[in-house]
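Analysis of the macromolecular model
Residues per chain, in single letters:
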Amino acid sequence: MNSPIVITGMGMISPLGCGVNRVWKRLLEGQSGLGLIDRFDVTDFPIKLAGLVPNQNQDPEGGFDPASVVDAKELKKLDLFTLYALAAAEEALQQSGWQPNSREDQEATATLIGTGIGGFPTITQAQKTLESRGHRRLSPFTVPAFLANLAAGQISIRYGFKGPLGCPVTACAAGVQAIGDGMRLIRSGEAKVALVGGTEACIDPLSLASFHAMKALSTQDENPETASRPFDASRQGFVMGEGAGVMVIETLDHALNRGAQPLAVLSGYGTSSDAHHITSGPEDGSGAAQAIQRALQQSGLQTRDLDYINAHATSTPVGDKAEIASLRRVFGDQLAKIPISSTKSATGHMLGAAGGVESIFTAMAVIHNHIPPTLNLETPDEPLQDLDFVPLKARNHSVEHALCNGFGFGGVNASLLVSQFME
């Protein structure tokens, strides 16, 4: 029998702050990471709110400090999405205790960090420089800063990881797919350890205006903390967030042999394509259901074994309904007995980073037997009122097996099953 794949380290940067344990505590307390945008002038802009990672002035305890990641000289060469990934990777690697020094171990370490957009602000700023100051003023680091795979590349360079390197750029499924790709590399024997997850930092006027043109974003700015309302009948659209979530994964045998502490088991993964529409899945949820069923098949679990679902639910009317349709196809009447929540109600939608962060939240639910809430959920859509969305407050609940979903533009679906580690 193949040795199970386990998580041995986790790291996180999010709108709720930095550090897995700190963010988890705030999430369970019902805190929100959403607020008004202060990085650029939004006076005459249609979108005024987002889930921004706080700096140390805004959050002395949990704020992000770029100087703790790289020195000032290197800072000019990196986009923010790479900085977030480097910080999350450092936390995950410290917890796992994985610091390979031998060439054999370095070559056995894969690095897979997904992103939806990569260094988008670097691109928009470079275009402004080109137009206002000319091509001679462009930095030679422009391209290396915005390339989507450079988060993974910078991590591998920093730590000497010489195994497979990858970057799923599959919109909002990228983080989950990076984890699934890492599982495959371990199963195939191409890697013994994989650093996996997702990162994103594209809260920029052009990206926000573009999503607004699609009518995808919430424009409720009177009270930003209540703007992300997954499953609620009054939801308008998603709130863009940013951050990074990274895990160290390896087989149980490998972890125990080196004295690492397994945190949770990655028991199944599945992915599929809707082949339907560029931005929305089919109303019957058939494509997403296929990903969930493949994850269940790989795990050997039955639908009755699931204790919690961390939904992709972004707070868009069409997307939330389609995800529930997919869950009903898989779980049938059993779905009414399974707690479901969307942590995007607290963090906003972190696009390519969402799967990395939410997979960690799912693992934490399994580790601590605690389910995070769906904030701002006052009145679910009428067709959804038979379901348990863990509204407003976190809940103590035994969670042996949990599902995390990530779906993206282009019709990409990815589902991950996380299970308790039994000593």
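Residues numbered from 1 in each chain as written. Predicted model: local features only at pLDDT ≥ 70, side-chain atom pairs only at ≥ 80, totals over all residues. Heavy atoms only, no water.

Side note on the environment of A89
When you line up the elements, A89 lands in helix α3 (residues 80–96). A89 gets classed as buried once you look at its relative accessible area, which sits at 0%. Along the sequence, A89 and G319 sit 230 residues apart, while their C-alpha atoms lie 30 Å from each other. Aside from chain neighbours lying at most four places away, what touches A89 is I155, L195 and V246. (Helix = DSSP H or I, 4+ residues; strand = E, 2+ residues; numbered from the N terminus. Buried < 20%, exposed > 50% of the residue type's maximum accessible area, 1.4 Å probe, protein only. Contact = heavy atoms within 4.5 Å.)

Structural notes on the environment of A322
Secondary-structure assignment places A322 in helix α12 (residues 317–331). Taking relative accessible area as the criterion, A322 reaches 12% and is therefore assigned buried. Along the chain, A322 and I367 lie 45 residues apart, while their C-alpha atoms are 29 Å from each other. Other than its neighbours up to four places away in sequence, A322 contacts P282, E283 and G285.

Let's talk about the packing of aromatic side chains
Across all of its chains, the model carries 7 aromatic pairs by this definition. Both rings, one in F64 and one in Y84, keep their centres 5.1 Å apart while their planes meet at 80°; by these two values the pair is edge-to-face. With a gap of 20 residues between them, F64 in the loop between β4 (49–50) and α2 (72–75) and Y84 in helix α3 connect regions that are remote in the sequence. Just as F64 is buried, Y84 falls in that class too. Judged by centre distance (5.4 Å) and plane angle (75°), the ring pair of F211 and F238 falls under edge-to-face. Of this pair, F211 sits in helix α9 (residues 205–213) while F238 is found in the loop between α9 and β8 (243–251), placing the two residues 27 residues apart along the sequence. Of the two residues, F211 and F238, both sit in the buried class. Among the aromatic residues, ring-to-ring pairing joins F211, F238 and F409 into one connected group. (Phe/Tyr/Trp six-rings, centres within 6.5 Å; stacked < 30°, edge-to-face > 60°.)

Details of the nonpolar core
Among the nonpolar cores identified, the biggest contains 48 residues, and I7, M10, M183, M247, I249, L266 and L416 are the most heavily contacted of them. If sequence neighbours within four positions are ignored, I7 has contacts with M247, V248, I249, Q261, P262, L263, A264, L266 and A363. Ranked by size, the runner-up nonpolar core spans 29 residues in total, among them V53, A152, V193 and V248. (Core = buried A, V, L, I, M, F, W, Y, C linked by side-chain atoms within 4.5 Å.)

Examining the side chain of S341
Its place among the elements puts S341 in strand β11 (residues 340–341). A distance of 2.6 Å separates a polar atom in the side chain of S341 from a polar atom in the side chain of Y308. With sequence-adjacent residues up to four places away left out, S341 is seen in contact with Y308, I309, N310, A311, I371, P372, P373, T374, F389 and V390. (Polar contact = N/O pair within 3.5 Å; in protein donor to acceptor, adjacent residues only side chain to side chain.)

A short note on the pairing of strand β1 (residues 5–14)
With 10 of 10 residues buried, β1 lies mostly within the body of the structure. The pairing of β1 with β8 spans 8 bridges and is antiparallel. The partner of I5 across the bridge, within β8, is T251. Sheet topology note: the β1/strand β2 (residues 17–18) ladder contains 2 bridges and is antiparallel. Note that in β2 the partner of I13 across the bridge is C18. Between β1 and β2, which pair antiparallel one after the other, the connecting turn spans 2 residues. (Pairing = 2+ DSSP bridges.)

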